[in-house]
Amino acid sequence: MDGKADGIDVAEVAKLARLELEPDRIPSLQKEMEAIVGYVNMLAELDTDQIEPTVHAVDRVNIIREDVPGEPCPRELMLRTAPATVDDELVRVPQVLPGEGMA
Amino acid sequence: MMNGSDPVTLTVREASAGLEHGDFSSTELCRAFLDRAALTEPKVRALLSLDPEDVLRQASASDARRKAGRALGPLDGVPVTLKDNIAVKDAPCTCASKILKGFVSPYDSFVARRLKDAGCVLLGRANMDEFAMGSSCENSACQKTANPWGLDRVPGGSSGGSAAAVASGITCAALGSDTGGSIRQPASFCGVVGLKPTYGRVSRNGLVAFASSLDQIGPMTKSVYDAALLFDLIAGHDDGDTTSLPGDSGGCAADLAAFEEKGAGLKGVRIGLPKEYFELDGISGEVRAVCEQAKETLRSLGAEFTEVSLPHTKYAMACYYIIATAEASSNLARFDGIRYGYRSPEAADINSVYFRSRGEGFGPEVKRRIMLGTYVLSSGYYDAYYLRAQKVRTLLRRDFEKAYESCDLIFTPVSPVTAFRFGEKADPLQMYLSDIFTIALNLSGDCGISVPAGIAAESGMPSGIQFMAPALQEKRLFRAARAFECARPQKEFRASL
């Protein structure tokens, strides 16, 4: 973290993020990301060794509740939002494992 | 039809009184807003969707309840507009994104449930920057919203549609969400009141998550009193949000009414001026002038100003953009084209469902932030970025704790500039930097309010001021804001559309 951020591998980050990028977008995104990462690198100036991180703005400990079943959102309602279903009962996805496809 | 009441300036408080006294029915009230929307929406485009029949159905049900003496409370029949990232059962919830185009929510958010239980009429879905990422609404994948005060200018963002809906007078009030200023900045740009409650005070259950440790829902209204009324309604514990705090708002509207009866003065109230904020180069002359005038007004009310220091201010933006993008990249992983939302028709196997659906479904700013967040969380960088930012967040919180030792409230501008023109801020980093006065509050988790203060001399656009207070001190905020509202030289903020 030296105030510069050269050489971000945009294609690799996109792979981690499961994002397909238009190839002509990569150079400009690289420039923008390097400018922003270069800017946020200013945090390296601060000595934070002895500082506790803030995970949440308001400190909370584990919240315990009675172990009783709640009322979940009905299955048919949730399935209505799926892009594709099988007989309105299952979410349909393309083939996951190699081999013969399902009908 | 409305017995002389002007729907454009009609507050929640006035609408509630009018309904109670029988001056007008909810149906008449909602019809007046729908008529107004038919006139202004072609120009302003604050709403992504509006179902007039549904609005009138809700209004008529409210009228029937009231007629039968079974009104659900003082706000029964009052219309409120929700930002399009707050879920309402059977209503669209798109976050102004292609990836959620056509999505209809199967359930109510906690706040929608609260509004419905109080009898409020939910009127329309407000435009926003895609997934609340932006400061101008220009990142909406659906439409650009214009500022009702100047149609060539942005309404601010990301809750720009909510702000423009209230300012153009097509609703009584709205709810927005604030992750780095997304309620307060558009409120300032559009001349309305906007509250960012204490983190955890309002349940995030049913709010589409952007940055979970920063997001908070809050009211956007025509008056400070209205903001207190709506805050009372939506605040409170919810088992459905693990970060929800116990207790409720403690009755802010009643407190405000008592405060008004006592004359609404600020004698003895110590207001801190953070020197690092006012030393910033980018504050425009006209915003500075509005702040100076506001300080005079506050002094005349008896408030005392004292300089305070928030020494880590220059690191706030960097800290924010690491935490917000890291959390966003994680939250938005759920949009994978499998269970809901857009699925690319081109995708033939499971990986291309992920890559293509996300690639085609997300807009440029959302992609940029997912990329940044993925980068700062990636192997080998976590300690250098995310963990370090969380530690700097602690330093920023300590700054505020220290400052509040010598003051009750902190006073700042909301934005260094008034509403800018479309396309004026093209560079993403420059756009991020315009949030400098609002982001620290989300990092600290405290509460803040934006109140219209005046019309800026050069642009002729409204400009707000911001009060910040320690966590759970919303009453303190409302009192100062209400006292200021009563005493400010410019009494009425009404966009001439």
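Residues numbered from 1 in each chain as written. Chains lettered and ligands numbered in written order. Predicted model: local features only at pLDDT ≥ 70, side-chain atom pairs only at ≥ 80, totals over all residues. Heavy atoms only, no water.

Notes on the overall build of chain A
Helices and strands together make up the secondary structure of chain A, namely three helices and two strands. A compact globule built from 103 residues would reach a C-alpha radius of gyration of about 13 Å, whereas chain A, at 23 Å, exceeds it by more than 25%. Its C-alpha atoms give chain A principal-axis dimensions of roughly 55 × 50 × 25 Å. Counting the 103 residues in chain A, one finds 30% classified as buried. Summarising the internal contacts of chain A: among those between residues at least 6 apart in sequence, 39% fall at separations of at least 24. Counting every atom, chain A has about 7,600 Å² of accessible surface; 52% of that belongs to carbon and sulfur. Side-chain charges of chain A comprise 10 positive and 22 negative groups, with the mean position of each set lying 5 Å from the other. (Helix = DSSP H or I, 4+ residues; strand = E, 2+ residues; numbered from the N terminus. Rg over C-alpha atoms; globule rule 2.2 N^0.38 Å. Buried < 20%, exposed > 50% of the residue type's maximum accessible area, 1.4 Å probe, protein only. Contact = heavy atoms within 4.5 Å. Areas by Shrake-Rupley, 256 points an atom, 1.4 Å probe, with all protein chains shown as cover. Lys, Arg positive; Asp, Glu negative; His and termini not counted. Charge placed at Lys NZ, Arg CZ, Asp CG, Glu CD.)

Remarks on the side chain of R204(B)
Residue and element names in this part refer to chain B. Considering the arrangement of structural elements, one finds R204 in the loop between strand 5 (193-196) and strand 6 (216-221). With relative accessibility at 14%, the residue R204 sits in the buried group. Within the local environment of R204, its side chain forms a polar contact with the side chain of Y199, the two groups lying 3.2 Å apart. Non-local contacts of R204, meaning those with residues more than four positions away in its chain, are made with Y199, S212, D215, Q216, D241 and T243. (Polar contact = N/O pair within 3.5 Å; in protein donor to acceptor, adjacent residues only side chain to side chain.)

Thoughts on the pattern of salt bridges
Tallied over the entire structure, the rule returns 27 salt bridges over all chains. The salt bridge involving R25(A) is made with E32(A); its shortest N-O contact spans 3.2 Å. By relative accessible area, which is 18% here, R25(A) ends up buried. Since its relative accessible area comes to 17%, E32(A) is described here as buried. Across the pair R479(B) and D255(B) runs a salt bridge whose closest N-O atoms are separated by 2.9 Å. (Salt bridge = Lys/Arg side-chain N within 4 Å of Asp/Glu carboxyl O.)

Details of the nonpolar core
Of all hydrophobic cores here, the largest spans 164 residues; its most connected members are L115(B), F131(B), L298(B), F411(B), F467(B) and F478(B). Looking at this core, the element that brings in the most residues is helix 11 (residues 313-331) of chain B, giving 12 residues. (Core = buried A, V, L, I, M, F, W, Y, C linked by side-chain atoms within 4.5 Å.)

Some words on empty space enclosed by the protein
All names here are of chain B. Across all of its chains, the model carries three cavities of 30 Å³ or more by this definition. In this structure, the largest cavity encloses a volume near 70 Å³. Forming the boundary of the largest cavity are 13 residues, of which G134, S135, S182, Y320 and D435 lie nearest the centre. For the lining of the largest cavity, the residue count by class is five nonpolar, six polar and two charged. When we break the lining of the largest cavity down by domain, the ones giving at least three residues each are domain 1 (12-255) and domain 3 (317-383). Approximately 40 Å³ is the volume attributed to the second largest cavity. (1 Å grid on protein atoms, 1.4 Å probe; cavity = no way out; pocket = protein on both sides within 12 Å on 5 of 7 lines; lining within 4 Å. Points joined across faces, edges and corners; volume = space filled by probe spheres on them. Nonpolar A, V, L, I, M, F, W, Y, C, P; charged D, E, K, R; others polar. Domains from an automatic or database assignment.)

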